[in-house]
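Structural characterization, general
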Amino acid sequence: MPQMGVSAAEGTLAEWRKQPGDWVAYEETICLISTDKIDTDVPSPAAGRVAELVVPEGETVEVGAVLARIATDARPGEPHASERVVAPRRYSPVVARMAAEHGIDLERVAGTGRDGRVRKQDIVALLAREQETAQDAPSPAPVEQGESEEPPLHIESPYRADDPAPVVASTEGLSRMRRAIGEHMKRSQETAATVTTWIEVDFSRVETVRRRLGMTALPLVARATIESLAIFGSLNATWDGDTFVRHDAVHMGIAVSLGEDGLIVPIIRDSQDLSAEGLAKRIKDLARRARKGELTPDDVRDGTFTITNPGQFGSVMATPIIHQPQVGILDIEAVVKRPVVVTGPDGEDVIAIRPICILGLSWDHRALDGAQAASFLAELKQRLESLV
């Protein structure tokens, strides 16, 4: 088991690309390893014939464990006693599962693997093309917060709004990523003393600035969040075991939806050094790479605070689960025009229509108290309502 990323200590064998008796060239992909919901190709360290697969698909092992044995004294043309006859276009379990989940006819997919074999990357690329085609289709009605070309970044529920009712699936019917998300979320609830605090924010200034800059509200909220974290350092922190660490740098996690496969949280490192425009570019790039399966294990490690954005789907209030070992996560809900009481030019109370957004902060009560959480949200509110 090779070292996958700087801090990875273990990985799950997601898929074998070779079977006993197959010939494998030097640095040819022999298997896929999954770490933190990232699948990474593992190149063969030598040329030879696969003699034994030690670790079965789906098993998690530590770095340094033996995955397979290769007979390096064999030659490509020589038969092998353990060689199995494998029909061309043979599909791996991962490819077969993905095809079944998305209703894909594998006979119609052009494979890029050896001898035209369909690989996971081929399915991911096909789904990405279908998604782009769907996004290019005209929308039946304009949605004010969806004016940007940037696709929605996150959805808390695996069920779409047009589903008549949730579908109860067995654990065996869920994808590996969905099971990993479930385990991580359950572990977070069992670990953190989670509390959620909400605040209403007038997004009038946010809407004006984002239109002028040609971006969504997310980068502007992210920039204001980073500035607020500089004041409330207890939220830009991690609690791992008995170790609580406040971080100077803000490694901002942005939750990205991968459709029915789940979600992933890539990290913008040293986000405090980026402007709102810079954050917008990085968010868009990370979302694109996440959906194309191009993230590396290090792209999703060592975050210090996370933002999730389900509001683009119309929700108005949620209780996000903290992304361990962080101690806080900010939830951005839908921007909804509402009648509110404001101060008129003569100092009197008047009713006006304003775009209002509810921001929710889930925080770990072990690391801070309600007064700090509320003060953080008040600071964030003040910054967003005074944008210029």
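Now for a look at the structure at hand.

Definitions and limits used
- Residues numbered from 1 in each chain as written.
- Predicted model: local features only at pLDDT ≥ 70, side-chain atom pairs only at ≥ 80, totals over all residues.
- Heavy atoms only, no water.
- Helix = DSSP H or I, 4+ residues; strand = E, 2+ residues; numbered from the N terminus.
- Buried < 20%, exposed > 50% of the residue type's maximum accessible area, 1.4 Å probe, protein only.
- Contact = heavy atoms within 4.5 Å.
- Areas by Shrake-Rupley, 256 points an atom, 1.4 Å probe, with all protein chains shown as cover.
- Expected span 1.5 Å × (residues − 1).
- Pairing = 2+ DSSP bridges.
- Axes fitted to C-alpha atoms, helices over the stretch in contact; angles between N-to-C directions.
- Parallel < 35°, antiparallel > 145°, perpendicular 65-115°, else oblique.
- Left-handed = near helix turned anticlockwise from the far one by under 90°.
- Nonpolar A, V, L, I, M, F, W, Y, C, P; charged D, E, K, R; others polar.

1. Digging into the overall build of the protein chain
- The number of helices and strands found in the protein chain is seven helices and 17 strands.
- Within the protein chain, the proportion of its 388 residues that are buried is 44%.
- In the protein chain, the proportion of contacts linking residues at least 24 apart, taken out of those at least 6 apart, comes to 64%.
- Carbon and sulfur atoms make up 53% of the accessible area of the protein chain, which totals about 19,800 Å².

2. What to know about unusual backbone geometry
- Residue Gln-324 is joined to Pro-325 through a cis peptide bond whose omega torsion reads 5 degrees.
- Position of Pro-325 relative to the elements: it lies in the loop between strand 15 (305-308) and strand 16 (328-343).
- If you check the backbone angles, Asp-270 has positive phi at about 50 degrees while not being a glycine.
- A residue is classified by how much of its surface remains accessible, and Asp-270, at 34% relative accessible area, is partly exposed.
- Even without being glycine, Asp-302 reaches a positive phi, approximately 65 degrees.
- Tracing the backbone shows Asp-302 in the loop between helix 6 (276-291) and strand 15.

3. Concerning helix 7 (residues 370-385)
- A rise of 1.5 Å per residue sets the reference length of helix 7, with its 16 residues, at 22 Å; its end C-alpha atoms lie 22 Å apart and thus fit the reference within 8%.
- Against the buried residues of helix 7 lie strand 8 (194-202), helix 4 (204-213), helix 5 (217-229), strand 15, strand 16 and strand 17 (349-364).

4. Quick notes on the pairing of strand 17
- With nine bridges connecting them, strand 8 and strand 17 associate as antiparallel partners. Each residue of the ladder has a partner; that of Thr-194, found in strand 17, is Asp-364.
- Relative to strand 17, strand 16 is paired through 14 bridges, and the arrangement is antiparallel. What sits directly across from Lys-337, in strand 17, is Pro-355.
- Turn length for the strand 16-strand 17 hairpin, with the two strands adjacent in sequence and antiparallel, is five residues, and the turn residue Gly-347 shows positive phi of about 90 degrees.

5. Digging into the sheet that holds strand 16
- An order of 8-17-16-15-11-14 is seen for the six strands of this open sheet, with the pairing classed as mixed. Of all strands in the sheet, those bounded by a partner on one side alone are strand 8 and strand 14 (267-268).
- Its contacts with the sheet put helix 7 on strand 8, strand 15, strand 16 and strand 17, and the angle it makes with strand 8 is roughly 25 degrees.

6. Some points on the packing of helix 5 against helix 7
- At their nearest, the axes of helix 5 and helix 7 sit 9 Å apart, and the two run at 130 degrees to each other. Between helix 5 and helix 7, the angle is such that the two are oblique. Crossing of helix 5 against helix 7: the hand is right-handed. Seen from helix 5, the contacting residues are Leu-220, Val-221, Ala-224, Thr-225, Glu-227, Ser-228 and Leu-229; seen from helix 7, they are Phe-376, Glu-379, Leu-380, Arg-383 and Leu-384.
- A class-by-class count of the residues in the contact of helix 5 with helix 7 yields seven nonpolar, two polar and three charged.

7. Topic: the sheet that holds strand 2 (residues 23-24)
- Strand order across the open sheet formed by three strands is 2-5-7, with antiparallel pairing between neighbours. Two strands in the sheet have a free side with no partner beyond their single neighbour: strand 2 and strand 7 (68-71).
- Bridge count between strand 5 (residues 48-53) and strand 7: four bridges; the pairing is antiparallel. When the bridges of strand 7 are listed, Leu-53 appears paired with Ala-68.

8. Looking at the pairing of strand 3 (residues 29-35)
- The buried count for strand 3 comes to seven of seven residues, which makes it a mostly enclosed element.
- As defined by bridge partners, strand 1 (residues 10-16) adjoins strand 3 across four bridges and the pair is classed as antiparallel. Across the sheet, residue Glu-15 finds its bridge partner in strand 3, namely Leu-32.
- Between the end of strand 3 and the start of strand 4 (residues 38-43), which pair antiparallel, lie two residues, with Asp-36 showing a positive phi angle near 50 degrees.

9. Topic: the environment of Leu-377
- Note that Leu-377 resides in helix 7.
- On a C-alpha basis, the gap between Leu-377 and Leu-330 in space is 9.5 Å, while along the polypeptide they are 47 residues apart.
- Apart from residues no more than four positions distant in its own chain, Leu-377 is found in contact with Thr-197, Trp-198, Ile-199, Leu-330 and Leu-361.

10. Some remarks on the environment of Met-185
- Tracing the chain through its elements places Met-185 in helix 3 (residues 176-191).
- Expressed as a C-alpha distance, the spacing of Met-185 and His-323, which sit 138 residues apart in the sequence, is 7.7 Å.

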